[in-house]
Amino acid sequence: MPDITNRRNIGTILACVSFLSMHQMGAAHGQWNNSPTQNAAGPVIIVPGGPAASRLFDETFVKSNPRNARGEFQTLKEAFDNVKSGGVIYIMEQNSDVSNVATGLVIDRSVTIQLDAELETQLDTVNLDPLAKANLNAAADGTCVTIAQSAPGANAGRRNTRNEVIIRDVAFLPNPGSTPGSCIIVEDGSVFLQNIAIQENAGKAFDKGLVVLGGDVSTLHPLEISAAKVGIEVFGTVDPSQPFTAGLKKRAGASFHRASLVIAEGLSVSRPPGTYAGSLSVDPTGATDTSCDDILQTMGVGIYIGKSKDARVADPAISIGAQSASKGTTISGYEVGVCVSGSSSHKAPGFAIAPAISNTAFQNVSVYFNSIGIRVERDASVRDSLIAHNFIYGIVVSDGASDFQRNDIYQNIDGVVVFADADPKFFENRIYDHIQSGLSVYGINRGQYSDNQIFNNGAGAVVENIAPTGSLQSNIIAFNGEGVSTPAGSALPAGLQSKRDQKVFSLNQFSGNTVSCNIAEGNYVDISGFEKLNIAQKNKDKYCFTNKPKGICGGLRRKLNLASGKCNGN
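Now for a look at the structure at hand. Worth saying up front: this structure is predicted, and the values here are computed from it rather than measured.

1. Digging into the overall build of the protein chain
In terms of regular secondary structure, the protein chain is built from seven helices and 38 strands. The buried share of the protein chain, taken over its 570 residues, is 56%. Roughly 23,000 Å² of accessible area belongs to the protein chain as shown, and the carbon and sulfur atoms make up 52% of that amount.

2. Structural notes on the nonpolar core
Formed by 88 residues in total, the largest nonpolar core has its most connected members in Phe-172 and Ile-232. Per-element accounting of this core gives the leading share, six residues, to strand S12 (residues 215-234). If near-sequence neighbours (up to four positions away) are discounted, Ile-232 is found in contact with Leu-210, Ile-225, Leu-261, Ile-263, Leu-267, Val-269, Gly-302, Ile-303 and Tyr-304. Counting residues in each nonpolar core, the second largest holds 20 residues, with Ile-185, Met-299, Tyr-304 and Val-417 among its members.

3. Examining the packing of aromatic side chains
Tallied over the entire structure, the rule returns nine aromatic pairs. With a centroid separation of 5.8 Å and 55° between ring planes, the pair formed by Phe-235 and Tyr-304 is classed as tilted. With Phe-235 in the loop between S12 and strand S13 (259-263) and Tyr-304 in strand S15 (residues 301-305), the pair connects residues that are 69 residues apart, well separated along the chain. Given a relative accessible area of 8%, Phe-235 falls into the buried group.

4. Quick look at the pairing of strand S19 (residues 360-363)
Each regular strand shows side chains that alternate between the opposite faces of the sheet. Burial along S19 is one-sided: Thr-360 and Phe-362 are buried, and none of Ala-361 and Gln-363, which face the opposite way, are. The sheet contact formed by strand S16 (residues 317-321) and S19 spans four bridges and is parallel. Its bridge partner being in S19, Gly-321 is matched across the sheet by Gln-363. Here S19 runs beside strand S22 (residues 381-383); their pairing, made up of three bridges, is parallel. If you follow Gln-363 over to S22, its bridge partner there is Arg-383.

5. Thoughts on the pairing of strand S14 (residues 267-270)
Of the two faces of S14, only one is covered, namely that formed by Leu-267 and Val-269; the face formed by Ser-268 and Ser-270 stays uncovered. Of the pairings in the sheet, the one linking S12 to S14 comprises four bridges and is parallel in character. Within S14, the position partnered with Glu-224 by the bridge is Ser-268. Where S14 lies against strand S17 (residues 329-332), three bridges are found, and the strand directions are parallel. Paired with Val-269 across the two strands is Ile-331, which belongs to S17.

6. Side note on helix H7 (residues 551-560)
Restricting attention to buried positions, one finds in H7 the residues Cys-553, Gly-554, Leu-556, Arg-557 and Leu-560. Buried residues along H7 cover an arc of 160° about the axis, so they all sit on one side. Facing away from the buried surface of H7 by more than 90 degrees, the exposed residues are Gly-551, Arg-558 and Lys-559. Of the surrounding secondary structure, the elements contacted by the buried residues of H7 are strand S29 (430-432), strand S32 (453-455), strand S35 (476-478), strand S38 (514-516) and helix H6 (541-545). Looking one or two places after H7, you find Asn-561, whose phi comes out positive at around 60°.

Rules used throughout
Residues numbered from 1 in each chain as written. Predicted model: local features only at pLDDT ≥ 70, side-chain atom pairs only at ≥ 80, totals over all residues. Heavy atoms only, no water. Helix = DSSP H or I, 4+ residues; strand = E, 2+ residues; numbered from the N terminus. Buried < 20%, exposed > 50% of the residue type's maximum accessible area, 1.4 Å probe, protein only. Areas by Shrake-Rupley, 256 points an atom, 1.4 Å probe, with all protein chains shown as cover. Core = buried A, V, L, I, M, F, W, Y, C linked by side-chain atoms within 4.5 Å. Contact = heavy atoms within 4.5 Å. Phe/Tyr/Trp six-rings, centres within 6.5 Å; stacked < 30°, edge-to-face > 60°. Pairing = 2+ DSSP bridges. Arc of directions from axis to C-beta.

So, in structure tokens, the structure goes:
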């Protein structure tokens, strides 16, 4: 590694200035298109060599063994204390303990923290990471950095101009000599994370990776998080009258506002190998259901989306995903991979907070090897994603009007479970290879389930009842152990016993489905008009297992891209 301690020259300074100006100009002119809010400030213009008092930004350098007293410091905290008006802190070593101080750094002004430009192109040979990072130990109190506003103002505690903080090319590591806490805590401001890792170290992992209490957080390039309790936790606001989040210490004068989190690509959230996974018991009917908030107290959650505790402030706005699966998000190793407790905007009387359909959106996420893949209690959108190999359920919907489209949901114990009174939309999903049911709908459900392919499950669809506003239409339910039935041990849904009720139910809510080539039909064929309104043929094991399927079963195999001779995962 070259010695770059004394390379102070005009070319270097101009390059540094250009980098900072580019980021601030991007924020002003929309080039940081992943940021939900943008700073209105214009580009910073620097005149090298001018008097210190007139500089619009400062630059400092961090090195474990400073050689030049001017502008060089041993710790990140010392360097930040010398960046008075906003500026750049350059970390000049890839593998150096340069942040091991008593308490985590509180960033209360605009600043950029980055690996020195001359090290950016070098490979991280220790972690085999093609994108170089500076390794920074957490402080002795177990935290890394807290990002906030410098002083409360008249506008609900927020300054007129929000701080802009950029952290790039950094890997945060737990301090081996202390108990790991929450690594990055965001209270307010506009925060950009580029090529950041929150990793385990010497067998230790952070309790929580990224905690967003307020402000806008967005990423560019990969964000890797390995955390024992929660990978990403987003609250939006914290009510001062309520106990503060466990593991965090509320700063004097801090105030919290609506949070937003935008992660465009390359997010990885996982538990370190060997981390204890707590037990999670589940009532499939939802009668004794355990909420996200309860789960968070004792179990691990990959991504937790909370609800605002201040009725004047909307719930968090979350966008996680990418346009392509190769740059998408992976979440694995937790009791619940994704837990959405709050996502819909709301308002209290006298406060003009506009409601929204959904503030939480996931695209191209892979959720696997959790106890439950995704649990949704408020509105959320999950599209073009993979939810597989979870040990209990792939997706649980307990409430809200969520939207699930074009997902692959497979090889969980149960695929999708929807509790009473929920109102989700499941369109064009592939739900297959589950030991028990592909789709289970409990209670009087308002959901809409259309154009899904449900196959190779123990039971295709288990439906207790559908409300007049709900529907189950145009689905392919084939090659399952049982086609469509009511929950085990129950009769046909209440209100469907008379022929008149059965006819209304069939005409309005259960039509156009292909329920064919299952080992058994299921008891929904007993509903009056079922055969007329749905295609229900070849529901016998000889049609399901035949090696040379013909007719409707052969056509369905081709449509579902199934090899012949397979049924119900066998």
